[in-house]
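# Notes for the structure review
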Amino acid sequence: MLPLFEAVNRLRDGTLPARAACITFDDGYADNEAIALPLLNKFGLPATFFIAAGFLDGGRMWNDTVIESFRHAQGNTIDLREIDLGLHTITTLPDRRQALFATIDALKYMDPKLRQTQVEKLANLIAADLPDDLMMTADQVRTLHRNGMEIGGHTMNHPILARLDDASARIEIAEGKAKLEAITGAPVRFFAYPNGKPGKDYLPAHVAMLKELGFEAAVSTAWGAARHGSDMYQLPRFTPWDKSEFFYVLRMLRNMMQAVQTV
């Protein structure tokens, strides 16, 4: 297990060991510091935390507003027809999950301003009590940094960059970087594209922006393992979890085979 900066440098110069791995966390949830950090320290593991800086200190991501609204909704149905998001049955837990996923899918690729308006209307219609402590505080970010963890950029407000004009996308990336650097007093060297699918969630223009803004490398959510010659601004990643133990083992075996083939 390597720190991301070391892995990137060794990948670039061709000295990365076989099956080397890095741990990353996205978004900036408070449990990253409260739960993950003690475990990382216990086992001596480095990690990089890609933080959407605009949600620090009491903010809430749009999808969490939807999730928490559906989690705490009362009754057997959620009626969102007034905002063109349908009528949903939530009698059982599977019903509630299906309704939640359908609603998030309907909102994800909307224009960011329209999406935020819709999410606010949704929250008002459901009228559930929503938490304001899901994301980290600036002090928690400093704690991660003091413990030797890498702090990476993830924009200010986690937009789908491909849905923004170039000027807005650059502001999101640059302001997120600047805010995190002001908090930690250290350079933010790495970036994770929100949602992270190449060609869908980010475009070549955004890769160029990262280079211009001084980032050293960036990660996507394209599945796979990096190898010498990989684009340092579009490094692949995969997730180490699944819905059952059986599928978790299959996923990890698949990941291992990919690493053997490509590293």
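Going by the structure above, here's the rest.
So, a few notes on the structure that sits alongside this text.

What counts and what doesn't
- Residues numbered from 1 in each chain as written.
- Predicted model: local features only at pLDDT ≥ 70, side-chain atom pairs only at ≥ 80, totals over all residues.
- Heavy atoms only, no water.
- Phe/Tyr/Trp six-rings, centres within 6.5 Å; stacked < 30°, edge-to-face > 60°.
- Lys NZ or Arg CZ within 6 Å of the ring centre and 35° of its normal.
- Buried < 20%, exposed > 50% of the residue type's maximum accessible area, 1.4 Å probe, protein only.
- Helix = DSSP H or I, 4+ residues; strand = E, 2+ residues; numbered from the N terminus.
- Contact = heavy atoms within 4.5 Å.
- Pairing = 2+ DSSP bridges.
- Right-handed = clockwise from strand over helix to strand, strands pointing away.
- Lys, Arg positive; Asp, Glu negative; His and termini not counted.
- Salt bridge = Lys/Arg side-chain N within 4 Å of Asp/Glu carboxyl O.
- Polar contact = N/O pair within 3.5 Å; in protein donor to acceptor, adjacent residues only side chain to side chain.
- Core = buried A, V, L, I, M, F, W, Y, C linked by side-chain atoms within 4.5 Å.
- Patch = residues over 30% accessible without salt bridge, like charges linked within 9 Å, V, L, I, M, F, W, Y side chains within 5 Å.
- Areas by Shrake-Rupley, 256 points an atom, 1.4 Å probe, with all protein chains shown as cover.

## As for the packing of aromatic side chains
In this structure the tally under the stated criterion is 5 aromatic pairs. Three or more aromatic residues link up through ring pairs in this structure, and these residues are Phe191, Tyr193, Tyr202 and Phe215. Its end group placed over the ring of phenylalanine 215, lysine 177 keeps NZ or CZ at 5.4 Å from the ring centre.

## Some words on helix α6 (residues 138-146)
Ala138, Gln140, Val141, Thr143 and Leu144 are the residues of α6 that are buried. The inward-facing, buried residues of α6 contact α2 (30-43), β2 (48-51), β5 (150-153) and α7 (166-184). Where α6 ends, the next residue or the one after it, glycine 148, has phi of about 85 degrees, a positive value.

## A look at the pairing of β2
Every other side chain in a regular strand lies on the same face of the sheet, so the side chains alternate between the two faces. By the alternation rule, side chains of β2 split into Thr48 and Phe50 and Phe49 and Ile51, which are all buried. Note that strand β1 (residues 24-27) and β2 share 4 bridges and pair parallel. The partner of phenylalanine 25 across the bridge, within β2, is phenylalanine 49. In this fold, the crossover linking β1 to β2 by way of α2 has right-handed handedness. Looking at chain direction, β2 and β5 are connected through 4 bridges and run parallel. When the bridges of β5 are listed, isoleucine 51 appears paired with glycine 153.

## Here we look at the side chain of arginine 115
Along the chain, the position of arginine 115 falls in helix α5 (residues 112-126). Of the side chains bearing the opposite charge, glutamate 172 lies closest to the buried arginine 115, which forms no salt bridge; the N-O distance is 8.3 Å. Arginine 115 has contacts with Trp62, Leu107, Lys108, Met110, His158, Pro159 and Ile160, leaving out every residue within four places of it along the chain.

## Looking at the environment of aspartate 166
Turning to its location among the elements, aspartate 166 is positioned in helix α7. Taking relative accessible area as the criterion, aspartate 166 reaches 47% and is therefore assigned partly exposed. Distance in space between the C-alpha atoms of aspartate 166 and alanine 217 is 20 Å, their sequence separation being 51 residues. Ignoring sequence-local partners within four residues, the contact set of aspartate 166 consists of Ala205 and Met209.

## What to know about the environment of glutamate 33
Along the polypeptide, glutamate 33 turns up in helix α2. Among the residues examined, glutamate 33 registers a relative accessible area of 17% and is labelled buried. Considering only alpha carbons, one finds glutamate 33 and leucine 180, 147 residues apart in sequence, at a separation of 15 Å. Residues contacting glutamate 33, with those up to four places away along its chain left out, are Pro38, Met136, Gln140, Thr143 and Leu144. A polar atom in the side chain of glutamate 33 sits 2.9 Å from the side chain of glutamine 140.

## Brief notes about the environment of alanine 128
Along the chain, alanine 128 falls in the loop between α5 and α6. Overall, alanine 128 belongs to the buried group, its relative accessible area being 16%. Along the sequence, alanine 128 and histidine 72 sit 56 residues apart, while their C-alpha atoms lie 5.9 Å from each other.

## Points about the pattern of salt bridges
All told, the structure shown has 8 salt bridges when counted by the stated rule. Among the salt bridges present, the one from aspartate 26 reaches arginine 237, with a minimum N-O distance of 2.9 Å. Of this pair, aspartate 26 sits in strand β1 while arginine 237 sits in the loop between β7 (217-219) and α9 (245-262), and the two are 211 residues apart along the sequence. A relative accessible area of 23% places aspartate 26 in the partly exposed class. Where aspartate 139 meets arginine 142, a salt bridge forms, and the shortest distance between an N and an O atom there is 2.5 Å. Taken together, the positions of aspartate 139 and arginine 142, both in helix α6 and 3 residues apart, correspond to about one turn of that helix.

## Describing the nonpolar core
Counting 41 residues, the largest nonpolar core has Phe49, Ile51, Phe191, Tyr193, Leu210, Tyr233 and Leu235 as its most contacted members. Broken down by secondary-structure element, the contributors of at least two residues to this core are α1 (4-13), α2, β2, α6, α7, β6 (190-192), α8 (204-212) and β7. A total of 4 residues in this core trace back to one element, the largest contributor, which is α7. Listed in part, the 18 residues of the second largest apolar core include Leu80, Ile83, Leu85 and Ala128.

## A word on a nonpolar patch on the surface
A cluster of nonpolar residues, Trp241, Phe246, Phe247, Tyr248, Val249, Leu250 and Leu253, forms a patch on the protein surface that exposes about 730 Å² of accessible area. Within the secondary structure, tyrosine 248 is located in helix α9.

Just geometry here; none of it tells us what the structure is for.
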